[in-house]
Amino acid sequence: MKTQITSTKSQNCSTKSTLTGVLNIRKPSGPTSFSALDIVRRKLGVKKAGHIGTLDPFAEGVLPICLNQSTKIIQFLIGLDKCYRAVLKLGVETDTQDFTGKVLFEGDSSKISEDILLKTLEEFVGEIQQIPPMHSAKKQDGVRLYRLARQGLSVEREPVAVRIYALEFLEKKGDEVKIE
């Protein structure tokens, strides 16, 4: 697996296993958050490491990783607010609700204006109820939903409360929309 995760060599190799702190790595699209964590753990020679939050395998972005004694703060950081940037493709529905899935429907999105997008985004600001998609990193009974989905399984998921503090329209190019 090719990643963009690199480390620098310590002059005193015996201190490597006692590294403590939080690394903000850029997880590329492809590996799971756990496999990115494992690469960092092995490269730095630390015994204990944990990531704060989980990114879906295809997602790329900042993945904070706590090393050794710093893993104790994960419980305080895991629930903090997060910021996401996304690219939406208008007029396409897939079986996974993301770009990795089989296309189920394609429609004409040419009449969706910036004004319509802004009004639609406003409807999602605040507390909403969201049913986690089967192709997500959410766990059910200790198993990631995307693992079950890859086995062709679908399980009942309860809606969860999600608070969206802001949705910012960044740009629209053709049928693609960038939001944050």
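Residues numbered from 1 in each chain as written. Predicted model: local features only at pLDDT ≥ 70, side-chain atom pairs only at ≥ 80, totals over all residues. Heavy atoms only, no water.

Novice: How would you sum up the packing of aromatic side chains? Please name residues and give values.
Specialist: Here the distance between the centres and the angle between the planes together describe a pair of aromatic rings. Counting across every chain of the model gives one aromatic pair. Summarising the aromatic geometry, the rings of Phe58 and Phe99 are spaced 5.0 Å apart at their centres and angled 85° between planes, so their arrangement reads as edge-to-face. Of this pair, Phe58 sits in the loop between β2 (49-51) and β3 (61-67) while Phe99 sits in the loop between β5 (92-94) and β6 (103-106), and the two are 41 residues apart along the sequence. Taking the relative accessible area as the measure of exposure, Phe58 reaches 28% and is therefore partly exposed. (Phe/Tyr/Trp six-rings, centres within 6.5 Å; stacked < 30°, edge-to-face > 60°. Helix = DSSP H or I, 4+ residues; strand = E, 2+ residues; numbered from the N terminus. Buried < 20%, exposed > 50% of the residue type's maximum accessible area, 1.4 Å probe, protein only.)

Novice: Give a detailed account of a nonpolar patch on the surface, specifying residues and quantitative values.
Specialist: Taken together, the side chains of Val22, Ile73 and Phe76 make up a nonpolar region of the molecular surface, amounting to roughly 280 Å² of accessible area. With respect to the helices and strands, the residue Ile73 is situated in the loop between β3 and α2 (74-77). (Patch = residues over 30% accessible without salt bridge, like charges linked within 9 Å, V, L, I, M, F, W, Y side chains within 5 Å. Areas by Shrake-Rupley, 256 points an atom, 1.4 Å probe, with all protein chains shown as cover. Salt bridge = Lys/Arg side-chain N within 4 Å of Asp/Glu carboxyl O.)

Novice: If you had to explain the environment of Arg41 to someone new, which residues and values would you point to?
Specialist: Among the structural elements, Arg41 can be located in helix α1 (residues 33-44). Judged by its relative accessible area of 27%, Arg41 is partly exposed. When the C-alpha atoms of Arg41 and Ser17 are compared, they prove to be 9.4 Å apart, with 24 residues separating the residues in sequence. Those residues in contact with Arg41 that lie beyond four places of it in its chain are Val46, Lys47 and Ala49. (Contact = heavy atoms within 4.5 Å.)

Novice: Please set out the nonpolar core residue by residue, giving values where relevant.
Specialist: Core analysis: the largest hydrophobic core is formed by 11 residues, namely Ile25, Ala36, Leu37, Val40, Leu44, Val46, Leu55, Ala59, Leu63, Ile65 and Leu67. When contributions to this core are tallied by element, the ones reaching two or more residues are α1 and β3. Not counting residues within four places of it along the chain, the set of residues in contact with Leu37 comprises Ala49, Gly50, His51 and Ile65. Grouped together as the second largest cluster of nonpolar side chains are six residues, Leu90, Phe169, Val177 and Ile179 included. (Core = buried A, V, L, I, M, F, W, Y, C linked by side-chain atoms within 4.5 Å.)

Novice: Break down the pairing of strand β12 (residues 176-179) for me, citing the residues and quoting the values.
Specialist: Here β12 shows a clear split, with Val177 and Ile179 buried on one side and none of Glu176 and Lys178 buried on the other. In terms of strand pairing, strand β4 (residues 86-89) meets β12 through four bridges, oriented antiparallel. Across the sheet, Val87 pairs through a bridge with Lys178, a residue of β12. Here strand β11 (residues 169-173) runs beside β12; their pairing, made up of four bridges, is antiparallel. Each bridged residue has a counterpart across the sheet, and for Phe169 the counterpart in β12 is Ile179. (Pairing = 2+ DSSP bridges.)

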